[in-house]
Amino acid sequence: MLQLNVKNESSRLRAVVLGSAINNGATPSVDEAYDPKSLEHILAGTYPVEVDMVNEMEAFNKVFQKYDVKVFRPEMIENYNQIFARDIGFVIDDTFIKANILPDRERELDAIQYVIDQINPSKIVRPPEEVHIEGGDVMLWDNYIFIGTYKGSDYKDYITARTNMEGVQYIKELFPNKIVKEFDLVKSKIEARDNALHLDCCFQPVGKNKGIIYKSGFREEADYMFLVHLFGKENLFHITRDEMYHMNSNVFSIAPDVVVSEKNFTRLNNWLRENGFTVEEIPYAEIAKQEGLLRCSTLPLIRD
């Protein structure tokens, strides 16, 4: 059995699900786009091709192998995008929570059923139907659970609004001993530079006391200030609108001092090194065109 344990974003990683770009299917139509960034690249004819995305994910897999991390991959579904494993489920402490994702992505959960079968059934939960919650919006920081949401009255009109307040309440009830803090995120269906699809598109902790943040990703300044007070402004790396668009906050920690990052994130990677991190740089710019990056591609199962 897998003894699940995830309490924060940066403790030493031991086991993870890494998505797959194999047999990814054709470029989606305009009507099939889930987010404005994918739509932008579909219209421009620059949507990523399978061979490039497979190569990028293999580079990520090699870093996991270097650090002796046990990697699970989803079983292949023909002509289907299975890159973003973070959307379909997540672990808090020793509990696996199945996400209530967009209905036509349900098969992605089936593709990791062989992993779920290795988890104690009493530690697997599925929220009720009215609860919307995706792993990209759920971030653990020891006693805190940070959750991205959208509080606008037009929630139902936004395919980019992925986690609702019912989802926040569900986690509060499931983990009464944790401090659950929700963040109201900026959403856009048409401009990727103004769309925080998930919380990890505009914030992520790294190391023991640092974080990457995009101030304008939060609808309420009070939410941004909460993180400034918690981490200390001097410990936060502020990214620009363009850096947010390229997913600079969506890196992935293998250990408190090891971060996997995109090789083009020059300013961020230099800051990380200056602050004592080992930065494992890999190419991931093609996958980024789908408004997801390194954190989105992973589903951590066990950390120290």
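Computed from a prediction, not measured in an experiment: that's the story for all the values here. (Residues numbered from 1 in each chain as written. Predicted model: local features only at pLDDT ≥ 70, side-chain atom pairs only at ≥ 80, totals over all residues. Heavy atoms only, no water.)

(A) How the structure looks around the pairing of strand β10 (residues 210-213). Burial along β10 is two-sided: Lys210 and Ile212 and Gly211 and Ile213, pointing in opposite directions, are all buried. As defined by bridge partners, strand β9 (residues 203-206) adjoins β10 across 4 bridges and the pair is classed as antiparallel. Note on β10: the bridge partner recorded for Gln204 is Ile212. Following β9, the chain reverses through 3 residues before pairing antiparallel with β10; Gly207 in that reversal takes a positive phi of roughly 65 degrees. Bridge analysis of β10 against strand β11 (residues 236-238) gives 3 bridges, and the strand direction is parallel. Directly across from Gly211, in β11, lies its bridge partner Leu236. Traced from β10 through helix α6 (residues 221-231) to β11, the parallel crossover comes out right-handed. (Buried < 20%, exposed > 50% of the residue type's maximum accessible area, 1.4 Å probe, protein only. Helix = DSSP H or I, 4+ residues; strand = E, 2+ residues; numbered from the N terminus. Pairing = 2+ DSSP bridges. Right-handed = clockwise from strand over helix to strand, strands pointing away.)

(B) Representation of the side chain of Glu243. Mapped onto the elements, Glu243 comes out in helix α7 (residues 241-245). Engagement of the side chain of Glu243 in a polar contact is seen with the side chain of Arg267, the distance being 2.8 Å. In this structure Glu243 touches His238, Asn248 and Arg267, once residues within four positions along its chain are discounted. (Polar contact = N/O pair within 3.5 Å; in protein donor to acceptor, adjacent residues only side chain to side chain. Contact = heavy atoms within 4.5 Å.)

(C) Structural view of the packing of aromatic side chains. In total, this model carries 14 aromatic pairs according to the counting rule given. On the numbers, 5.7 Å between centres and 75 degrees between planes, the contact of Phe146 with Phe183 is edge-to-face. Highlighted residues: Phe146 in strand β7 (residues 144-149) and Phe183 in strand β8 (residues 179-184), separated in sequence by 37 residues. Grouping residues by exposure puts Phe146 and Phe183 together as buried. Consider the rings of Phe183 and Phe226, whose centres lie 6.0 Å apart with planes at 65 degrees: the pair is edge-to-face. Remark: Phe226 occurs in helix α6 and Phe183 occurs in strand β8; sequence separation between them is 43 residues. Residue classification places Phe226 among the partly exposed positions, given a relative accessible area of 26%. Grouped by ring-pair contacts, the aromatic residues Trp141, Tyr144, Phe146, Phe183, Phe203, Phe218, Phe226 and Phe231 constitute a single cluster. A cation over an aromatic ring shows up here: Lys37 above the ring of Tyr245, its NZ or CZ 4.4 Å from the ring centre. (Phe/Tyr/Trp six-rings, centres within 6.5 Å; stacked < 30°, edge-to-face > 60°. Lys NZ or Arg CZ within 6 Å of the ring centre and 35° of its normal.)

(D) Inspection of unusual backbone geometry at higher detail. The phi torsion at Asn79 lies on the positive side, around 55 degrees, for a residue other than glycine. Looking at the secondary structure, you find Asn79 in the loop between β2 (70-72) and β3 (89-92). The backbone of Asp142 shows a phi angle near 60 degrees, a positive value even though the residue is not glycine. Note on placement: Asp142 falls in the loop between β6 (138-141) and β7.

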